[in-house]
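Report on the structure
In case you want the letters, here they are:
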Amino acid sequence: SLEFFIYFPVVVLVYFFIPKRWKCLWLLAASYYFYMSWNIGHTFLIAFSTFVTWVSGLLLGRCHRTGKRRYRKWIVAASVSLNLGILFYFKYFDFLLANLNMVITRLGVPMLEKPFEIVLPVGISFYTFQALGYTVDVYRGEVEPEKNLFRYALFVSFFPQLVAGPIERSKNLLWQIRRIPTMSFRRLWNYERIASGLILMLWGYFQKLVLADRLCILVDTVYQDWQQYGTAVLVLATAAFSMQIYCDFASYSTIAMGAAKVMGFTLMENFRAPYFSRSIQEFWRRWHISLSLWFRDYLYIPLGGSRRGVLRGQWNRMAIFLASGLWHGASWHYVAWGAIHGVYQAVGAQTEGIRRRLRKKAGVDTETFSFRFGQVMVTYILTLFALVFFRSVSMAGAFGYLKRVFTKPDPWVFTDGTLYQLGLTQVDVRVLLVALVTLFFVSLIREYRGETLDVFLARQGLWFRWLVILYLFGALFFFFFYGPEYDTSQFIYFQF
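In this text the structure is predicted, and so the values were computed from the model without any measurement.

Right, let's get into the overall build of the protein. Assigned secondary structure in the protein consists of 19 helices and 0 strands. For the protein, whose C-alpha radius of gyration is 24 Å, the value lies close to the compact-globule estimate of 23 Å for 496 residues. Classification of the 496 residues of the protein by burial places 52% in the buried group. Across the protein, every contact between residues at least 6 apart in sequence was considered, and the portion connecting residues at least 24 apart equals 75%.

A contiguous patch of positive charge on the surface is contributed by Arg-62, Arg-65, Lys-68, Arg-70 and Lys-147. With respect to the element layout, Lys-68 can be found in the loop between helix 3 (43-66) and helix 4 (72-106).

Ranked by size, the top nonpolar core spans 142 residues in total, and within it Phe-8, Leu-27, Phe-158, Val-222, Phe-265, Tyr-275 and Tyr-401 carry the most contacts. In contact with Phe-158, not counting residues within four places along its chain, are Leu-27, Ser-31, Leu-173, Ala-260, Met-263, Phe-265 and Leu-267.

With that settled, the discussion passes to the confidence of the model for the protein. Segments scoring low in pLDDT should not have their predicted coordinates read at a detailed level. Considering every residue of the protein, the mean pLDDT works out to 88; 96% of them sit at 70 or more. Model confidence for the protein, summarised as mean pLDDT per element, is weakest for helix 8 (residues 185-188) at 80 and strongest for helix 6 (residues 149-157) at 95. Across residues 482-486, confidence stays below pLDDT 50; counting only partners more than four residues off in sequence or on other chains, it has 7 contacts.

The first and last C-alpha atoms of helix 1 (residues 2-17) sit 24 Å apart over 16 residues, in line with the 22 Å expected at 1.5 Å per residue. Residues of helix 1 that are buried sit in contact with helix 2 (20-36), helix 8, helix 9 (191-223) and helix 10 (231-262).

Below, the discussion takes up the packing of helix 5 (residues 124-139) against helix 7 (residues 170-178). As a packed pair, helix 5 and helix 7 sit with axes 10 Å apart at the nearest point and diverge in direction by 95°. As summarised for this structure, helix 5 and helix 7 are arranged roughly perpendicular, according to the angle between their axes. For the pair helix 5 and helix 7, contact is made by Gln-130, Tyr-134 and Asp-137 and by Ser-170, Lys-171, Leu-173 and Leu-174, respectively. For the contact of helix 5 with helix 7, the class distribution of residues is 3 nonpolar, 2 polar and 2 charged.

On to a nonpolar patch on the surface, then. Among the surface-exposed residues, Leu-13, Phe-17, Phe-185 and Trp-189 lie close enough to one another that they form a single nonpolar patch of about 440 Å² accessible area. Looking at where Leu-13 falls in the secondary structure, it is placed in helix 1. Judged by relative accessible area, Leu-13 falls into the partly exposed class, the value being 42%.

A word on helix 3. Residue pairs three or four apart in sequence face the same way in an α-helix, which turns once every 3.6 residues. Compared with an ideal rise of 1.5 Å per residue, which puts 24 residues at 34 Å, helix 3 spans 35 Å between its outermost C-alpha atoms and is within 8% of the ideal. Taken from the residues just after helix 3, Gly-67 is the one with a positive phi, measuring 80°.

Next up on the list: the pattern of salt bridges. Here the structure, examined in full by the defined rule, presents 17 salt bridges. For the salt bridge of Arg-178 with Glu-146, the shortest nitrogen-to-oxygen distance reads 2.6 Å. Linking Arg-178 in helix 7 with Glu-146 in the loop between helix 5 and helix 6, this pair joins segments that are 32 residues apart in sequence. Overall, Arg-178 belongs to the partly exposed group, its relative accessible area being 30%.

With respect to the helices and strands, Thr-128 occurs in helix 5. Residue classification places Thr-128 among the buried residues on the basis of a relative accessible area of 3%. What Thr-128 contacts, discounting residues up to four positions off in sequence, is Asn-83 and Leu-87.

Before going further, it helps to spend a moment on unusual backbone geometry. Of note in this structure, Ala-273 is not a glycine but carries a positive phi near 45°. Counting through the fold element by element, Ala-273 comes out in the loop between helix 10 and helix 11 (280-286). Phi is positive for His-288, close to 45°, though the residue is something other than glycine. Under the relative-accessibility criterion, His-288 is labelled buried at 1%.

Reading guide: rules and limits
- Residues numbered from 1 in each chain as written.
- Predicted model: local features only at pLDDT ≥ 70, side-chain atom pairs only at ≥ 80, totals over all residues.
- Heavy atoms only, no water.
- Helix = DSSP H or I, 4+ residues; strand = E, 2+ residues; numbered from the N terminus.
- Rg over C-alpha atoms; globule rule 2.2 N^0.38 Å.
- Buried < 20%, exposed > 50% of the residue type's maximum accessible area, 1.4 Å probe, protein only.
- Contact = heavy atoms within 4.5 Å.
- Patch = residues over 30% accessible without salt bridge, like charges linked within 9 Å, V, L, I, M, F, W, Y side chains within 5 Å.
- Areas by Shrake-Rupley, 256 points an atom, 1.4 Å probe, with all protein chains shown as cover.
- Salt bridge = Lys/Arg side-chain N within 4 Å of Asp/Glu carboxyl O.
- Lys, Arg positive; Asp, Glu negative; His and termini not counted.
- Charge placed at Lys NZ, Arg CZ, Asp CG, Glu CD.
- Core = buried A, V, L, I, M, F, W, Y, C linked by side-chain atoms within 4.5 Å.
- pLDDT = per-residue confidence, 0-100.
- Expected span 1.5 Å × (residues − 1).
- Axes fitted to C-alpha atoms, helices over the stretch in contact; angles between N-to-C directions.
- Parallel < 35°, antiparallel > 145°, perpendicular 65-115°, else oblique.
- Nonpolar A, V, L, I, M, F, W, Y, C, P; charged D, E, K, R; others polar.

In structure tokens form, the structure reads like this:
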């Protein structure tokens, strides 16, 4: 937005030049202003969550010092209950009421009415999990309680990653915030770091505006009227959605990483070329990494992980993915998406030994390109199947969509011009293909060189670096001035 392109340079320049003692307060004020731009009233929710978890941390620290360890679990329980209670009310109350009404109407009982309309606060799932992670870290003794309320409030509300992640850890971000008073202008004004952050932001905007928002047109066209299409178009739309949701979500995380880097902060990487994964287990080590690690450290391990036997381990794994489905949205089709991935994980873990023995007996070389490529394709197809449930608006819609995929073959659409009737013109399709090739090469760099785009470009010649930068700028310029029908869409994960 134009507003952000004014807001961000102002915030950065003031942060660089003001005295050290005011830097933290300036970023806190800027972060709250950023959040208020959506809904001023919802600011009280993030403030309440911040205060509760901050006080919880202080009380836990006091218990550690005084030896009153028996009270620690009660403090954590109170903090978790209050925060999850707010999250449940705003995100899941309508879902619970709708399902309750579905049951009681079958029993002949009048439906329950909603007392008033509930509006989901943007980013509530992200900052709630981040604040609860701090409480658990203090409980475990992994971080010291933060005594300064303003520093802790900045940790919860830091604007680059506030509304759509990554979900940061107190061991990483809070430590950096504590260093703010030591950051002089000379240390902050680092050309290489600032340039690197701006390149990351530029790449994030390319992913969002050139790729995700164009793919959105095709995906919405098909999914809104899927009964009119056959196998090829439906599969194409789901494949396009897999790219859309990746580019949309990864773009926000990339912009957040870049914006934070400009100001001297390092955020965790949230995506690592996930569609190059060779198994579903590996996919979840590369996709939405901050959420996967959060569930592992704060839910899976406390439940016992795999330490209490195979059956209990599989149940714990399924619980994680059901919780992940619910985290993404208060609807049964999100729960089904999580359950499918839970089944993938369970089947993969249970059959791993059998598959290994079969490969050994058959003399299969698992390091050949053909075998690795086959694993990548099988993993990608499995994620596509699950994504049908994620993108559909209901369980019935997902099952109907899949039924049509397997019963309405239409290979002729690739030659009869149907592909140009899905909301995109021939020019759009060409632009999209070039952008997808660009994404593929950047993903290859991340996969085989282990470098993000900014790091890779920093090691290249000046002419090549500027060629890539001008190409990305040119693509964005082309998008912005291409036509009024291409209005930018909101980030998908804002709704979660």
